[in-house]
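Fold and geometry: a report
Each chain, written out:
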Amino acid sequence: MEHSGGKTSLVIACGGTGGHLFPGLAVAEEWTGRGREVLLLVSEKKIDQEARRKYPQYRFETVPAIGKPATFSPKMLPFLWKLWRTTGRCGSLLKEFKADAVLGMGGFTSLPPCWAAKRAGLPAFVHDSNALPGKANRLTAKFCRKVFIGMEPARSFFPGKDVVPTGTPVRAEMRTLPSRAEAAAKFGLDPSRPTLMVTGGSQGARRLNSLVAMAFGDFPKGTQVLHIAGPLDQPRVEEEAAGRDGYRVVGFCDDMPSAYAVSDAVLSRSGASSMTELSFLGLPSILVPFPYAADDHQTRNAEVFEKAGAAFLEPEGALDAAKLAARVTTLMSDLQTRDRMAQAARSLAVPDAAARVCDAIEATLSRK
Ligand SMILES: CC(=O)N[C@H]1[C@@H](OP(=O)(O)OP(=O)(O)OC[C@H]2O[C@@H](n3ccc(=O)[nH]c3=O)[C@H](O)[C@@H]2O)O[C@H](CO)[C@@H](O)[C@@H]1O
């Protein structure tokens, strides 16, 4: 694709997980809606390559996913070499695309393009959606003019930087959900029954899946479950759920708007993008942070929602099937609590997050 003169071109690095990819696509939607151009840098992972097919209107380039090994690991040298080479490749892509600016949506995949931008004298920006930013973003921020944050507690991790609280961008498709009846039909569920969605984020959650399987028998009578088990765990969960009334299992869900539209409450890991969608749509939740997420950032995320009264925070180590069933019972049978939590969730939403990100980038470019 040719760079057409006059159209400000933004490179968005958003590969690796759904938590980086989907907010990146949301910014792409807003940026191109303003008559400008984007190039999306993604990884070779399946979720990224599927996005390529789903959004043929954008130009995508694949750059290798980079995961940092432990500091004294023998894998450190190959990592540094890969980082250097990928930065070189990103530099060539920026030149070819005639980029005006680079936006990293987080993780180590953001580091090479932002570093390459700095070397080329282009403004770079990084977005961090978590309450506790990761090491990659803290390092990437050193090459960036502005840091965009999804949750306020992240601010203190970027001392001396121009930090802009933008919220985390949500894909346009979340703005126009199908009707509950349409969504229920899509999953073969009954729209008149209370429905709980279970999701472990874009990568699934094995332990959470097992707990739900054990607790289901004690959920309030009539409760339906839409269980997004993750592609790896789908066959196992399907086997466990076989024959259950009102229980649907999917692996990776490529229609989250329908999944949300049929759900009254959500049991979820506390990845930032899932949580952003919960607040955007005003859905009450039970959040079970992934205990091995870097620096336990999912617990910090969930604390923000718990403090606001938007979610029940349940640490996985202290959670068993009985406790989970009790929490689900409160959520599914107490309408007042659910409404109060839904309102609290909504109060945390930043519906114009993508516009805020684009405004801040444009403001920098206009001062160039
Ligand atoms: C295990 C881990 O460290 N995960 C991190 C990862 O997000 P990870 O991708 O695990 O999870 P998130 O909750 O942030 O995002 C999931 C996204 O994928 C979508 N989705 C999910 C399941 C599905 O079947 N279909 C689908 O489309 C959701 O709607 C959401 O948009 O990056 C996030 C942003 O830095 C972090 O907050 C998470 O902690």
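None of these values were measured; they are calculated from a predicted model.

Next up on the list: the domain arrangement of the chain. Each assigned domain of the chain is listed with its residue range as follows: domain 1 (9-169 + 351-366) and domain 2 (174-347). Here domain 1 and domain 2 have C-alpha centroids that lie 29 Å from each other. Listed by partner, the interface residues are 17 residues for domain 1 and 15 residues for domain 2. Across the domain 1 to domain 2 interface the summed buried area is about 1300 Å²; carbon plus sulfur atoms make up 60%.

Moving on to the packing of aromatic side chains. The tally for this structure, following the rule as stated, stands at eight aromatic pairs. Pairing Trp84 with Trp115 gives two aromatic rings, centres 5.9 Å apart and planes at 65°, and the pair type is edge-to-face. With Trp84 in helix 3 (residues 76-96) and Trp115 in helix 4 (residues 111-119), the pair connects residues that are 31 residues apart, well separated along the chain. Relative accessible area serves as the criterion here: at 23%, Trp115 is assigned to the partly exposed category. On the basis of an interplanar angle of 75° and a centroid distance of 5.7 Å, the ring pair of Phe216 and Phe219 is categorised as edge-to-face. Grouping residues by exposure puts Phe216 and Phe219 together as buried. By the ring-pair criterion, three or more aromatic residues cluster together here, those being Trp84, Trp115 and Phe143.

Okay, the packing of helix 1 (residues 18-33) against helix 2 (residues 46-54) next. Their axes nearest at 10 Å, the elements helix 1 and helix 2 cross at an angle of 20°. As the angle between them shows, helix 1 and helix 2 are arranged roughly parallel. Two packed elements cross with a definite hand, and for helix 1 against helix 2 that hand is right-handed. Across the interface between the two elements, Gly18, Leu21, Phe22 and Leu25 of helix 1 pack against Ile47, Asp48 and Ala51 of helix 2. Among the residues forming the contact of helix 1 with helix 2, the class breakdown is five nonpolar, one polar and one charged.

Moving on to the pairing of strand 6 (residues 146-149). Residue alternation in strand 6 divides its side chains into two sets, Lys146 and Phe148 and Val147 and Ile149, and both sets are buried. Sheet analysis places strand 5 (residues 124-128) next to strand 6, joined by four bridges and oriented parallel. Directly across from Asp128, in strand 6, lies its bridge partner Ile149. With helix 5 (residues 135-140) bridging strand 5 and its parallel neighbour strand 6, the resulting β-α-β unit is right-handed.

Take Ser268: it is sitting in strand 11 (residues 265-268). Taking the relative accessible area as the measure of exposure, Ser268 reaches 1% and is therefore buried. With sequence-adjacent residues up to four places away left out, Ser268 is seen in contact with Thr199, Leu208, Ser274, Ile286, Leu287 and Val288.

The UniProt feature table records "domain: Glycosyl transferase family 28 C-terminal" (unreviewed entry) at residues 195-356. Between the first and last C-alpha atoms of residues 195-356 the distance is 34 Å; the span itself is 47% helix and 15% strand.

What follows deals with the UniProt feature "binding site: UDP-N-acetyl-alpha-D-glucosamine" (unreviewed entry) in the chain. The positions UniProt marks with the feature "binding site: UDP-N-acetyl-alpha-D-glucosamine" (unreviewed entry) are Thr17, Gly18, Gly19, Asn130, Arg171, Ser202 and Gln298. Along the polypeptide, Asn130 turns up in the loop between strand 5 and helix 5. Contacts of Asn130, omitting those with residues within four sequence positions, involve Met151, Ala154, Ala272, His297 and Asn301. Structurally, Ser202 is set in the loop between strand 8 (195-199) and helix 7 (206-215). Filtering out sequence-adjacent residues up to four positions away, Ser202 remains in contact with Thr17, Gly18, Gly19, Ile47 and Phe252.

A probe as big as a water molecule, rolled over the atoms, marks out the empty space that is left. Taken as a whole and judged by the stated rule, the model has one cavity of 30 Å³ or more. Of the voids in this model, the largest cavity is the one considered here, and its volume is about 30 Å³. Surrounding the largest cavity, Thr168, Pro169, Val170, Arg175, Phe280, Val350, Pro351, Asp352, Ala353 and Ala354 form its lining. Considering only residue class, the lining of the largest cavity consists of seven nonpolar, one polar and two charged.

The next point concerns the nonpolar core. Ranked by size, the top nonpolar core spans 32 residues in total, and within it Phe187, Met256, Ala259 and Tyr260 carry the most contacts. When contributions to this core are tallied by element, the ones reaching two or more residues are helix 6 (180-187), strand 9 (224-228), helix 9 (256-261), helix 10 (272-281), helix 11 (297-308), strand 13 (311-313) and helix 13 (335-347). Once you skip the residues sitting within four places of it in the chain, Ala259 turns out to touch Phe187, Met197, Leu226, Ile228 and Cys253. One finds Phe216, Tyr247, Ala321 and Leu324 within the second-largest nonpolar core, a separate group that totals 28 residues.

Before going further, it helps to examine the environment of Met214. Structurally, the position occupied by Met214 is in helix 7. Along the chain, Met214 and Asn130 lie 84 residues apart, while their C-alpha atoms are 30 Å from each other. Setting aside anything within four residues of it in sequence, one finds Met214 in contact with Arg207 and Ala321.

Put simply, helix 3 and helix 4 touch, their axes get as near as 8 Å, and they point 60° apart. In terms of orientation, helix 3 and helix 4 fall into the oblique class. Both helix 3 and helix 4 take part in a crossing whose hand is right-handed. Of helix 4, the residues touching helix 3 (which contributes Leu83, Trp84, Thr86, Thr87, Gly88, Cys90, Gly91 and Leu94) are Leu111, Pro112, Pro113, Trp115, Ala116, Ala117 and Arg119. A per-class count over the contact of helix 3 with helix 4 returns 10 nonpolar, four polar and one charged.

Calculation rules
- Going along each chain's sequence as written, the residues are numbered from 1 onward.
- In view of the model being predicted, local features appear only for residues whose pLDDT reaches at least 70, and side-chain atom pairs are presented and counted only at 80 or more, with totals across whole chains, interfaces and linings using the full set of residues.
- Working from all heavy atoms in the structure, the side-chain values ignore hydrogens and water.
- Where each domain starts and ends comes from a domain assignment, either automatic or drawn from a database.
- Between two residues, a contact is recorded if the distance between any of their heavy atoms is within 4.5 Å.
- A simple way to read buried area is as the amount of 1.4 Å-probe accessible surface that goes missing from two parts once joined, with both sides added.
- Note on ring pairs: Phe, Tyr and Trp rings are taken, using the six-membered ring of Trp, and paired if centres are within 6.5 Å. Classes follow the plane angle, with under 30 degrees stacked, over 60 edge-to-face and the rest tilted.
- Labels follow the DSSP assignment, with helices taken as runs of H or I lasting at least four residues and strands as runs of E lasting at least two, numbered in each case from the N terminus.
- Three exposure classes are used, based on accessible area relative to the maximum for each residue type with a 1.4 Å probe and protein chains only: buried under 20%, partly exposed in between, and exposed over 50%.
- Only C-alpha atoms enter the line fits that serve as axes; for helices the fit covers just the stretch in contact. Angles between N-to-C directions range over 0 to 180 degrees.
- We call two directions roughly parallel when the angle between them is under 35 degrees, roughly antiparallel when it is over 145, roughly perpendicular when it lies between 65 and 115, and oblique otherwise.
- Crossing handedness is defined as follows: a turn of the near helix away from the far one that is anticlockwise and smaller than a right angle gives a left-handed crossing, while the clockwise case is right-handed.
- Classes in brief: Ala, Val, Leu, Ile, Met, Phe, Trp, Tyr, Cys and Pro nonpolar; Asp, Glu, Lys and Arg charged; the others, Gly included, polar.
- When DSSP finds two or more bridges between a pair of strands, those strands are recorded as paired.
- Seen with the strands pointing away from the viewer, any crossover whose path from the first strand over the helix to the second strand runs clockwise is right-handed.
- UniProt positions are given in the numbering used here, feature names are shortened, and annotations may be inferred rather than shown by experiment.
- For each structure, a 1 Å grid was placed over the protein atoms alone; sets of points admitting a 1.4 Å probe that cannot get out are labelled cavities, open sets with protein on both sides within 12 Å along at least five of seven lines are labelled pockets, and lining residues have an atom within 4 Å of a point.
- Grid points are joined across faces, edges and corners, and a volume is the space filled by probe spheres set on the points.
- To define a nonpolar core, start from buried Ala, Val, Leu, Ile, Met, Phe, Trp, Tyr and Cys residues and group those joined through side-chain atoms within 4.5 Å.

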